[in-house]
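# Structural overview
Next come the chains, spelled out residue by residue.
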Amino acid sequence: MAVSGDETSGQLLLQLLERRAGRRSYYCDSGYTSSNHSRQTSFDTSGALGGELPGALPMDPLSVPAPPPPFDMAAVASSLPSLPGHPGLVRARADTSTGGPGGRMSPSVYNHKEVLSGGWAGRMSPSVYNHKLLAVSQGRSSPAYHDLGYHTLVARSAAASPWAELGYPGGAPANSARCPRDSPRPQLPEPPSSAELIMAFKGKRAHKSAPFDRVSDELILHIFSYLSTNELCYCARVCRRWYFLVWEPQLWTSITLTGETTGADRALRQIVKLLCRDNPGTLCHTVERVELNGCARLTDRGLSLLARRCPELRHLELRGCSQVGDQAVMDIVSHCPNLQHLDLTGCHRVRCLDLSQAGADHRLNLQYLDLTDCHNLTDDSLRVIARHCPQLQHLYMRRCEQLTDAGIRHVPSLCPGLREFSISDCSRVTDFSLRELARLGPTLRYLSVAKCDRVSDAGVAQVARSCYKLRYLNVRGCEAVSDAALELVARCCQRLRALDIGKCDVTDHGLKVLAQHCPNLKKLSVKSCEMISDAGVKYVAYYCRGLQQLNIQDSPVTLEGYRTVKKYCKRCIIEHTNPGFF
């Protein structure tokens, strides 16, 4: 059949357009950018088209036929039924079942559908071929992919849209350009609990169980019972559980606060408030011991609060609380009937324990009272104290310069059970006071009259005869005491354990008698005794083998006496001022 030249030229033009359309579809479907396309345009046309075809003009590009499609879309759809639903495969299966054209056309071919009727209808995008078939051939599921040529497609009707076939009659979803069609939908995590939301809002991490959480509350309370007040306050800041355990009343039998800058009033108020948090306004019956030594900011207000809220108080120490006065002390002794130990050392404003408001016959259970450095204490104050504290066993009034024999004479008669008594540095005390103290008899075990210049051998001898169970005697600085009183003390008080005769008028003879009659002596001070020598020290070292402390400062004892003491008294600590001793 003869073919005209016009028809031949038309056929060649159609073939050239098909080849160009196929090449463009390859670049578009493969996701090549303009830069990639520019690099690909430099290859040989004959090589890219698979070589020269027979019957074509070698130099005429219009004579080169179009290459065959890589594969048949319908065949791929029928042979891979389990392949995920790519729009091209879905359309190919539909066309196969209805007898229509096989598979989805390339975007470029689709655009030129009217020109290329019946040409490239079965060709699939190379990106789909490279990603999907390769994944299936390796025996693993296909990863999430994007058809990079999908954005080149023009909008089609809802009936022809692949999303309509996948169950989206209204068209593609809003996020279809971001999320692949066949990728699984992400699963939302479980909503957090209320506790987690609260912890996240507060900026804290969720509590994780620790091995210490397994310890019972009883055991923790037992451990906390060995901690001090400051340590308990630190533990209360660890966690909520420790906070409630720390403020259990059973742990607060003792309260200790120290330091000049400590706000003792506020601290006591907060402690009492927390201990009575279950029943506000009640009393703290567990507090029995309070030590507020050195709290210079403690006032009568804080101490009165303690007295009202802690009626079972038995032990109270207020050393160095210079702002405490008579009113606070009166509140303490009147509201705490079981108080047995009261230390007011350095409380200069305290004058007396006046209980006239509580009644003249009111008696206290005080057994220990320390009024050292209470310079305003007078004889009348001492008489009132002795009358209201008949059970006193320990009474210390060091450096109370206003005391005289008139006040001390009431002590033995009103406090017959007194065991320890100290009036050191009370320069107005004489031998008359020692005669009155001798009435205590064997009950007195401790007596200190150091630096009482008016005390002489007569007063010491009277005490030695009556108080034969004396264990401690301090007559340091009483220069009127000599060997006569020392010999009487050695013969009458053979249970003596500690003796201070520093700066007294004693000699080696007195030391010899003392060592022979008091072999159990543990402490001896002969400081500034200018009339003793190595001989007296040797007697002491030989007879008192259990001597533990010896003071020979400012005395004429030489190295020989020092070595003798070291030889016989192995555990003795020697205080001296001679740098040649070794």
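Read on for a plain summary of the structure.

Reading the values: rules and limits
- Residues numbered from 1 in each chain as written.
- Predicted model: local features only at pLDDT ≥ 70, side-chain atom pairs only at ≥ 80, totals over all residues.
- Heavy atoms only, no water.
- Buried < 20%, exposed > 50% of the residue type's maximum accessible area, 1.4 Å probe, protein only.
- Helix = DSSP H or I, 4+ residues; strand = E, 2+ residues; numbered from the N terminus.
- Arc of directions from axis to C-beta.
- Contact = heavy atoms within 4.5 Å.
- Axes fitted to C-alpha atoms, helices over the stretch in contact; angles between N-to-C directions.
- Parallel < 35°, antiparallel > 145°, perpendicular 65-115°, else oblique.
- Left-handed = near helix turned anticlockwise from the far one by under 90°.
- Nonpolar A, V, L, I, M, F, W, Y, C, P; charged D, E, K, R; others polar.
- Phe/Tyr/Trp six-rings, centres within 6.5 Å; stacked < 30°, edge-to-face > 60°.
- Lys NZ or Arg CZ within 6 Å of the ring centre and 35° of its normal.
- Salt bridge = Lys/Arg side-chain N within 4 Å of Asp/Glu carboxyl O.
- Disulfide = S-S within 2.5 Å.

## Points about helix H23 (residues 534-543)
Within H23, burial applies to Asp534, Gly536, Val537, Val540 and Ala541. Each buried residue of H23 sits inside an arc of 165 degrees when the element is viewed along its axis, so together they form one side. On its buried face, H23 sits against helix H22 (508-517), strand E11 (523-525), strand E12 (549-551) and helix H24 (559-568).

## Topic: the packing of helix H13 (residues 264-275) against helix H14 (residues 300-309)
Close contact between H13 and H14 brings their axes to 8 Å; oriented N to C, the two are set at 25 degrees. In terms of their interaxial angle, H13 and H14 are classed as roughly parallel. Judged by the sense of rotation from one axis to the other, the crossing of H13 with H14 is left-handed. Along its contact with H13, which presents Asp265, Leu268, Arg269 and Val272, the element H14 presents Gly302, Leu305, Leu306 and Arg309. For the contact of H13 with H14, the per-class residue count stands at four nonpolar, one polar and three charged.

## As for the packing of aromatic side chains
Throughout the structure, instances matching the rule amount to eight aromatic pairs. Aromatic pair Trp247 and Trp252: ring centres 4.7 Å apart, planes at 5 degrees, arrangement stacked. Overall, the relative accessible area of 0% leaves Trp252 in the buried class. With a centroid separation of 6.2 Å and 75 degrees between ring planes, the pair formed by Tyr396 and Tyr446 is classed as edge-to-face. Of this pair, Tyr396 sits in strand E6 (residues 394-396) while Tyr446 sits in strand E8 (residues 446-448); the two residues are 50 residues apart in sequence, bridging distant segments of the chain. Side by side, Tyr396 and Tyr446 carry an identical accessibility label, which is buried. Here the aromatic residues Tyr368, Tyr396, Tyr446 and Tyr472 are joined through ring pairs into a cluster of three or more. Its guanidinium or amino end placed over the ring of Tyr542, Arg545 lies 4.9 Å from that ring's centre, counting from NZ or CZ.

## Quick notes on the pattern of salt bridges
Evaluated as defined, the whole model comprises 11 salt bridges. For the salt bridge of Glu317 with Arg319, the shortest nitrogen-to-oxygen distance reads 3.4 Å. For Glu317, a relative accessible area of 8% puts it in the buried group. Residue class for Arg319 comes out partly exposed when judged on its relative accessible area of 35%. In this structure, the salt-bridge partner of Asp373 is Arg399, at a minimum N-O distance of 2.7 Å. Here Asp373, found in the loop between strand E5 (368-370) and helix H16 (379-388), pairs with Arg399, found in the loop between E6 and helix H17 (405-408); they are 26 residues apart in sequence, far enough to count as distant. Overall, the relative accessible area of 17% leaves Asp373 in the buried class. If you follow the salt bridges from partner to partner, you end up with Arg289, Glu291, Glu317, Arg319 and Asp343 in one network.

## Description of the state of the cysteines
Enumeration according to the criterion identifies zero disulfides in this entry. Here Cys276 is not cross-linked by a disulfide; its sulfur's nearest cysteine counterpart is in Cys284, at 3.1 Å. The cysteine Cys321 is free of any disulfide, with Cys295 supplying the nearest cysteine sulfur at 5.5 Å. Look at Cys321 and you get buried, because its relative accessible area is 0%.

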